[in-house]
Amino acid sequence: MSDPVRLSRRVADLARCSRGEAEQYVKGGWVRVDGRVVEDPQHPVRGEAVELDPAARLEAVEPATILLHKPAGYDTISGPRPASALVEPATRWEADASGVRLLQRHFHRLTPLVPLDHDASGLMVLTQDGRVWRRLTEDGDEIEQEFVVEVSGEIAPYGLHRLKHGLSYGGRELPPCKVSWQNEIRLRFAIKGVQGGQLRDMCAQVGLGVVSIRRLRIGKVSLAKMPAGAWRYLPVGERF
């Protein structure tokens, strides 16, 4: 039996290209070994059938950013029930129009960002991209988030005005935010620098109970019509 060689070397011989180009083909998910896509250029091969997709393109593999519709009852940053476990090839939203090709490497080393309460649902961000990480951490308090909060009870006099400006949380006065009635039981918040538990506490201060919380938007990126438990890629060029 012949000694194993690296997959990138076999692809370089097969495609008559440089080793660097072969590595790009492999990392881009264009190479199959015995019919299975392999993305590791170091993968050892002997007599297996190696195929290069006829549509293969030489392009750098960009780090992925994934947008998940987190269901209520899952944890974003830490906790025993991580929402990140929902991100797998089978749960990609069928209407994802990002144009990003699904690669197994996109599911490795994803960092969850922008906390969302355990009992809340809505838009969640997981990324491999340092640029996205810096934007959502270093500038996070300046990025507006939009929520729909279903409430119960009767709002206190001037309660809507107080929600917009006049409440405190965690011992500090809250900055102004935008709040309006979406319908008779739902409030829409457009707010910056929101903390865990803050929306529920704000509603309690004006006599309202909270039935549910859903995050619709982070900056310029929206949840759209993506169903709970599904995810899509952040398209190249789209910014928060």
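This structure is a prediction, so every number in the text was calculated from the model and none was measured. (Residues numbered from 1 in each chain as written. Predicted model: local features only at pLDDT ≥ 70, side-chain atom pairs only at ≥ 80, totals over all residues. Heavy atoms only, no water.)

> Tell me what's going on with the overall build of the protein, and back it up with residues and numbers.
When its secondary structure is counted, the protein shows 5 helices and 16 strands. Taken over the C-alpha trace, the protein has a radius of gyration of 23 Å; the compact-globule value for 240 residues is 18 Å, which it surpasses by more than 25%. With respect to the three principal axes, the spread of C-alpha positions in the protein is 80 × 30 × 30 Å. Looking at the 240 residues of the protein, the share that counts as buried comes to 42%. In the protein, once contacts between residues fewer than 6 apart in sequence are set aside, the share between residues at least 24 apart is 66%. Counting only carbon and sulfur atoms, one obtains 49% of the accessible surface of the protein, whose full area is about 13,000 Å². Within the protein, one finds 34 positive and 31 negative side-chain charges whose respective centroids are separated by 2 Å. (Helix = DSSP H or I, 4+ residues; strand = E, 2+ residues; numbered from the N terminus. Rg over C-alpha atoms; globule rule 2.2 N^0.38 Å. Buried < 20%, exposed > 50% of the residue type's maximum accessible area, 1.4 Å probe, protein only. Contact = heavy atoms within 4.5 Å. Areas by Shrake-Rupley, 256 points an atom, 1.4 Å probe, with all protein chains shown as cover. Lys, Arg positive; Asp, Glu negative; His and termini not counted. Charge placed at Lys NZ, Arg CZ, Asp CG, Glu CD.)

> An account of the environment of aspartate 75 is requested, with residue identities and associated values reported.
Here aspartate 75 is to be found in the loop between β6 (65-70) and β7 (111-113). With a relative accessible area of 9%, aspartate 75 lands in the buried category. Along the sequence, aspartate 75 and alanine 120 sit 45 residues apart, while their C-alpha atoms lie 9.3 Å from each other. Filtering out sequence-adjacent residues up to four positions away, aspartate 75 remains in contact with Pro80, Arg81, Pro82, Ala83 and His118. Within the structure, the side chain of aspartate 75 is placed 2.7 Å from the side chain of histidine 118, a separation counted as a polar contact. (Polar contact = N/O pair within 3.5 Å; in protein donor to acceptor, adjacent residues only side chain to side chain.)

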